[in-house]
Amino acid sequence: FCGSQFWNATETWWTNDPDFTPCFEQTALVWTPCAFYWVFVIFDFYYLKASLDRNIPWNKLNVSKALVNLGLLVITALDLIMALIKKGGDSELPLYDLDVWGPIIKFATFLLVFIFIPLNRKYGVQTTGCQFIFWFLLTVLSIPRCRTEVRLDSERKNTLNSQQPSEQNFSWEEYQFASFFIFFTFTSIMLTLNCFADGLPRQTKYQRGENEIPELSASFLSRITYTWFNKMALKGYRNPLEEKDLWDLRPQDSCSEVMPIFAHHWNQKVRKNYKNKARVEPKAQFSNGNVTFENPHGEKNGRKKGMASIMPPIYKSFGGVFLFGALMKLFTDVLTFAQPQVLSLIIGFVETKEAQPEWKGIMYAVLLFVLAAAQTFILGQYFHRMFIVGLRIRTALINAIYRKALRISNSTKKESTVGEIVNLMAVDAQRFMELTTYLNMIWSAPLQIGLALYFLWQQLGPSVLAGLAVMIILIPVNGVIASRIKTYQIRQMKYKDERVKLMNEVLSGIKVLKLYAWEPSFEKQV
């Protein structure tokens with residue numbers, strides 16, 4: 001396929017001067033970024049669909065991206081043509097499959113990226129993470145081939161110096177050298193250009209003010225490093241922050257964007273709930289002037305008759321961002337346990353330093369730093385997204401409760417006090433927000449425990465079972481404590497309802513309370 005060996009451990013690992021094989025450098029190190037972009041390009045389509053803005057004007061940045069990308073398309077097409085000319089036909093050089101498929105795969109990927117440049121401009125997408133990661137991977141993974149090409153060029157020049165001038169013709173190897181470094185220069189330029197966000201769109205769904213949050217116009221690199229927040233942090237360091245210093249809420253997180261999505265799924269759930277009841281039981285039951293629908297799931301779920309569950313609409317409305325955050329949590333957990341393995345390799349290297357080349361120790365140290373940095377970046381993005389999901393859930397629930405409180409009949413109002421409604425909006429909705437951040441611990445905690453026990457067993461052997469036994473013994477204790485906490489929380493919520501109801505009555509009849517001098521007695525009750 002390549003004309004050379006794909007992997008050679010003797011040249012790459014068991015040596016004092018490591019280097020990848022040319023086949024590995026031209027396939028795995030190039031096709032991996034391409035495969036990444038083709039797999040995750042669906043996110044670019046999602047950003048186009050979800051964008052609230054339109055029509056970014058042509059500027060130096062997006063024109064430069066288009067021209068450099070066009071240059072990559074030309075040089076890649078030229079690679080294919082030159083391979084067919086130099087190595088095809090009656091040429092003494094054999095034409096390998098890599099000479100054909102390598103340029104085709106790169107050309108298709110660059111063409112896809114090129115198509116997204118005008119699309120992002122049309123739909124108002126100022127930055128895209130998939131393209132930044134693609135150019136970053138492609139640039140970084142091309143560095144090993146730079147070293148190989150420079151070394152081969154040096155050897156080639158030494159050989160040519162010993163030949164007669166008439167024998168020095170432009171060879172296939174020289175073309176590959178020139179072509180690759182043009183390619184590497186263009187990819188480095190594209191990486192630099194993708195470090196910046198595009199210009200502001202002309203058409204926006206919501207008017208952008210002077211106090212808009214900088215995150216909207218920040219590049220992907222700025223978002224993952226949170227450099228867009230530096231201005232606020234510096235201002236807060238110099239002077240206490242005031243309300244006028246705060247930025248406007250992102251339009252995507254505003255009630256006008258969140259509530260319609262949730263209301264759509266909630267109404268669907270309610271209609272489906274009523275439809276199922278009509279099929280299982282009589283349409284309605286009249287009791288004491290109230291109409292109730294039978295619950296088709298029976299009484300086992302603990303819900304009252306006719307009540308639809310709030311969870312399915314929440315899943316459908318905000319489940320996508322939550323699942324993406326869960327994927328980030330999985331990567332974070334894996335990286336957490338990868339670092340001790342690299343540390344173990346460093347300890348092994350120090351113990352047997354004389355038997356191993358120095359470059360391995362350097363590689364282990366760099367790898368440990370890269371893993372720790374990657375975990376930090378991903379964990380920060382995970383918590384950021386989980387807080388956003390919790391904020392949106394809280395916004396939707398408060399809005400739904402408030403709308404319902406305005407529409408319920410007088411007879412229904414007697415069943416719920418003002419204190420209960422206020423607690424639903426102020427306390428219960430906030431609990432959803434707090435729960436969202438740590439909900440992934442349901443599956444993450446067993447995974448972390450399992451991985452920890454597995455790696456500890458390799459180091460300590462059966463001694464690990466003592467720690468496992470302590471954990472198992474503490475499970476019933478934690479269960480009892482959690483049960484007591486739940487009981488106290490329920491009791492506390494009842495006290496809160498009564499207190500808010502009493503305060504509402506006090507404020508409503510404050511004139512009478514003052515005239516009769518009942519303040520001390522009501523104060524004691526509160």
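Source: prediction; values computed, not measured.

Here is what the cut-offs are and how they apply
- Residues numbered from 1 in each chain as written.
- Predicted model: local features only at pLDDT ≥ 70, side-chain atom pairs only at ≥ 80, totals over all residues.
- Heavy atoms only, no water.
- Helix = DSSP H or I, 4+ residues; strand = E, 2+ residues; numbered from the N terminus.
- Polar contact = N/O pair within 3.5 Å; in protein donor to acceptor, adjacent residues only side chain to side chain.
- Domains from an automatic or database assignment.
- Contact = heavy atoms within 4.5 Å.
- Buried area = accessible area lost by both parts, 1.4 Å probe.
- Salt bridge = Lys/Arg side-chain N within 4 Å of Asp/Glu carboxyl O.
- Core = buried A, V, L, I, M, F, W, Y, C linked by side-chain atoms within 4.5 Å.
- Buried < 20%, exposed > 50% of the residue type's maximum accessible area, 1.4 Å probe, protein only.
- Expected span 1.5 Å × (residues − 1).
- Patch = residues over 30% accessible without salt bridge, like charges linked within 9 Å, V, L, I, M, F, W, Y side chains within 5 Å.
- Areas by Shrake-Rupley, 256 points an atom, 1.4 Å probe, with all protein chains shown as cover.

**With respect to the side chain of S309**
With respect to the element layout, S309 can be found in the loop between β4 (290-292) and α12 (311-351). Among the polar contacts made by the side chain of S309, one reaches the main-chain amide nitrogen of M311 at a distance of 3.3 Å.

**Overview of the domain arrangement of the chain**
It is common to report an interface's size as the accessible area lost on association of the parts. Each domain of the chain was delimited in the assignment, giving domain 1 (1-158 + 171-204), domain 2 (214-248), domain 3 (249-272 + 311-459) and domain 4 (462-525). The C-alpha-based centres of domain 3 and domain 4 are spaced at 27 Å. Each partner contributes residues to the interface: domain 3 has 13 residues there, and domain 4 has 12 residues. In this assembly, domain 3 packs against domain 4 so that about 1100 Å² is buried in total across both faces, 73% of it on carbon and sulfur atoms. Ranking the residues of domain 3 by area buried against domain 4 places N423, L453 and W457 at the top, with a combined share of 41%. Between domain 3 and domain 4 we count zero salt bridges in total. For the pair domain 3 and domain 4, the number of links is zero residue pairs in polar contact (both at pLDDT 80 or more). Counting residues per element, the ones that place at least two in the side of domain 3 that touches domain 4 are α15 (418-438) and α16 (441-460). Of all the elements, α15 adds the most residues to the side of domain 3 that touches domain 4, at eight residues.

**As for the nonpolar core**
The biggest cluster of nonpolar side chains holds 27 residues, and the ones touching the most others in it are Y37, L72, F110, F134, W135 and L138. If you list the elements that add at least two residues to this core, you get α3 (28-50), α4 (60-87), α5 (97-122), α6 (129-141) and α8 (172-193). Broken down by element, this core gets its largest block of residues, six residues, from α8. Look past the residues within four positions of L72 in its chain and what remains in contact with it is F110, W135, F183, F186, T187 and M190. Among the nonpolar cores identified, the runner-up in size contains 10 residues, and V258, M259, V389 and L397 belong to it.

**Considerations on α6**
In this model α6 runs 18 Å from its N-terminal to its C-terminal C-alpha over 13 residues, within 8% of the 18 Å that 1.5 Å per residue would give. Within α6, burial applies to G129, C130, Q131, F132, F134, W135, L138 and T139.

**A short note on a nonpolar patch on the surface**
A surface patch of nonpolar side chains, amounting to about 410 Å² of accessible area, comprises L327, L330, F331, V334 and W443. The greatest single-element share of the nonpolar patch, amounting to four residues, is contributed by α12. Locating L330 in the fold gives a position in helix α12.

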